[in-house]
Amino acid sequence: MKKATLSFAKLFMSCLMLLTSTTLFAQEWSAAQKEVWKNVEGYWALDAAGNTDGLLAYFHPDYVGWSITNAMPSSREATKKFITHRHKTSKTLVYDLQPAAIKIHGNIAIVHYHYVLIAKNAEGKDKESSGRWTDTLMKQGDKWVMIGDQGGQTSKD
């Protein structure tokens, strides 16, 4: 019994150290990566506030995105229709974003992250969802705009 408790304690401490080192690694972003992430947080905040025009200002005219629930990729105009509809029929109550990886190549950035959100749907019920996104951004002036993305809800709710 003592041996099993000691083994469990060693396993627990190893897992704790691994989780702590992963968390610390994720927080060691360069200034450029922090700038990119600030833009991701910015357009998520605009989306959560229902600011369709503000959000769409972060979409490049040549944007193409592919939600995992769609059979085909969507253009900026098609995406605009769905964002507009969603902003009229639901409200984001709270959300959390966790960056996983940010790679920058000149004026192009690739951002992988996970999200969790709770929104009030058209029926007035709270709905929690979570998932992952990969955003491909291009530096345009003082902000990073989306030229493509892929991802979506991965929770079964």
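See the structure shown above.
Residues numbered from 1 in each chain as written. Predicted model: local features only at pLDDT ≥ 70, side-chain atom pairs only at ≥ 80, totals over all residues. Heavy atoms only, no water.

## With respect to the overall build of the protein
Thinking step 1. When you go through the protein residue by residue, the secondary structure sums to 4 helices and 6 strands.
Thinking step 2. Going residue by residue from the N terminus, the α and β elements of the protein occur as α-α-α-β-β-α-β-β-β-β.
Thinking step 3. Looking at the protein residue by residue over its 157 residues, the buried ones come to 31%.
Thinking step 4. Taking the intrachain contacts of the protein between residues at least 6 apart in sequence as the baseline, contacts between residues at least 24 apart amount to 56%.
Thinking step 5. Accessible area of the protein: about 10,300 Å², with a carbon and sulfur share of 61%. (Helix = DSSP H or I, 4+ residues; strand = E, 2+ residues; numbered from the N terminus. Buried < 20%, exposed > 50% of the residue type's maximum accessible area, 1.4 Å probe, protein only. Contact = heavy atoms within 4.5 Å. Areas by Shrake-Rupley, 256 points an atom, 1.4 Å probe, with all protein chains shown as cover.)

## Thoughts on the pattern of salt bridges
Thinking step 1. Summed over the entire model, instances satisfying the criterion amount to 4 salt bridges.
Thinking step 2. We note a salt bridge from Lys 120 to Asp 126, for which the minimum N-O separation is 2.9 Å. (Salt bridge = Lys/Arg side-chain N within 4 Å of Asp/Glu carboxyl O.)

## A closer look at the sheet that holds strand S2 (residues 74-75)
Strands pair in a sheet through their backbones, by hydrogen bonds, and they do so in one of two ways: parallel or antiparallel.
Thinking step 1. Pairing within the open sheet is mixed, and its 6 strands lie in the order S2-S1-S6-S5-S4-S3. In the strand order of this sheet, the two ends are held by S2 and strand S3 (91-105), each with one partner.
Thinking step 2. When strand S5 (residues 126-140) meets strand S6 (residues 143-153), the two strands line up antiparallel, connected through 10 bridges. If you follow Met 138 over to S6, its bridge partner there is Val 145.
Thinking step 3. In this fold helix H2 (residues 31-48) packs onto S3, strand S4 (108-120), S5 and S6, with an angle of close to 155 degrees to the strand it touches most, S3. (Pairing = 2+ DSSP bridges. Axes fitted to C-alpha atoms, helices over the stretch in contact; angles between N-to-C directions.)

## What to know about the packing of aromatic side chains
Thinking step 1. Across all of its chains, the model carries 6 aromatic pairs by this definition.
Thinking step 2. Ring geometry for Trp 44 and Tyr 113: centres 6.1 Å apart, planes at 80 degrees, overall edge-to-face. Of this pair, Trp 44 sits in helix H2 while Tyr 113 sits in strand S4; the two residues are 69 residues apart in sequence, bridging distant segments of the chain. Across the pair, exposure class does not vary: Trp 44 and Tyr 113 are buried alike.
Thinking step 3. Relative to Tyr 63, the ring of Phe 59 lies with its centre 4.7 Å away and its plane at 70 degrees, an arrangement referred to as edge-to-face. Across the pair, exposure class does not vary: Phe 59 and Tyr 63 are buried alike. (Phe/Tyr/Trp six-rings, centres within 6.5 Å; stacked < 30°, edge-to-face > 60°.)

## Notes on the pairing of S4
Thinking step 1. Residues Ala 109, Val 111, Tyr 113, Tyr 115, Leu 117 and Ala 119 point to one face of S4 and are all buried, whereas Ile 108, Ile 110, His 112, His 114, Val 116, Ile 118 and Lys 120, pointing to the other face, are not buried.
Thinking step 2. The sheet contact formed by S3 and S4 spans 13 bridges and is antiparallel. Considered in S4, the bridge of Lys 103 is made with Ile 110.
Thinking step 3. Between the end of S3 and the start of S4, which pair antiparallel, lie 2 residues, with Gly 106 showing a positive phi angle near 65 degrees.
Thinking step 4. Bridge count between S4 and S5: 13 bridges; the pairing is antiparallel. The partner of Val 116 across the bridge, within S5, is Ser 130.

## Some points on H2
Thinking step 1. The terminal C-alpha atoms of H2, which comprises 18 residues, lie 26 Å apart, in line with the 26 Å expected from a rise of 1.5 Å per residue.
Thinking step 2. Within H2 the residues assigned to the buried category are Gln 33, Val 36, Trp 37, Asn 39, Val 40, Tyr 43, Trp 44, Asp 47 and Ala 48.
Thinking step 3. Those residues of H2 that are buried lie in contact with helix H3 (52-56), helix H4 (76-89), S3, S4, S5 and S6.
Thinking step 4. Residue Gly 50 follows H2 closely and has a positive phi angle near 75 degrees. (Expected span 1.5 Å × (residues − 1).)

## Focus: the environment of Asp 135
Thinking step 1. Structurally, Asp 135 can be placed in strand S5.
Thinking step 2. Exposure remark for Asp 135: the relative accessible area of 1% places this residue in the buried category.
Thinking step 3. In the structure, Asp 135 is positioned 26 residues away from Ala 109 in sequence and 8.0 Å away in space, judged by C-alpha atoms.
Thinking step 4. In this view, Asp 135 contacts Val 40, Tyr 43, Ala 109, Ile 110, Val 111, Tyr 113, Met 146, Gly 148 and Asp 149; residues no more than four positions away in its chain are not counted.

## Description of the side chain of Thr 79
Thinking step 1. Tracing the sequence through the fold places Thr 79 in helix H4.
Thinking step 2. Each residue touching Thr 79, except ones within four places of it in the same chain, is listed here: Phe 59, Tyr 63 and Ser 74.

The analysis is restricted to geometry; functional conclusions fall outside its scope.
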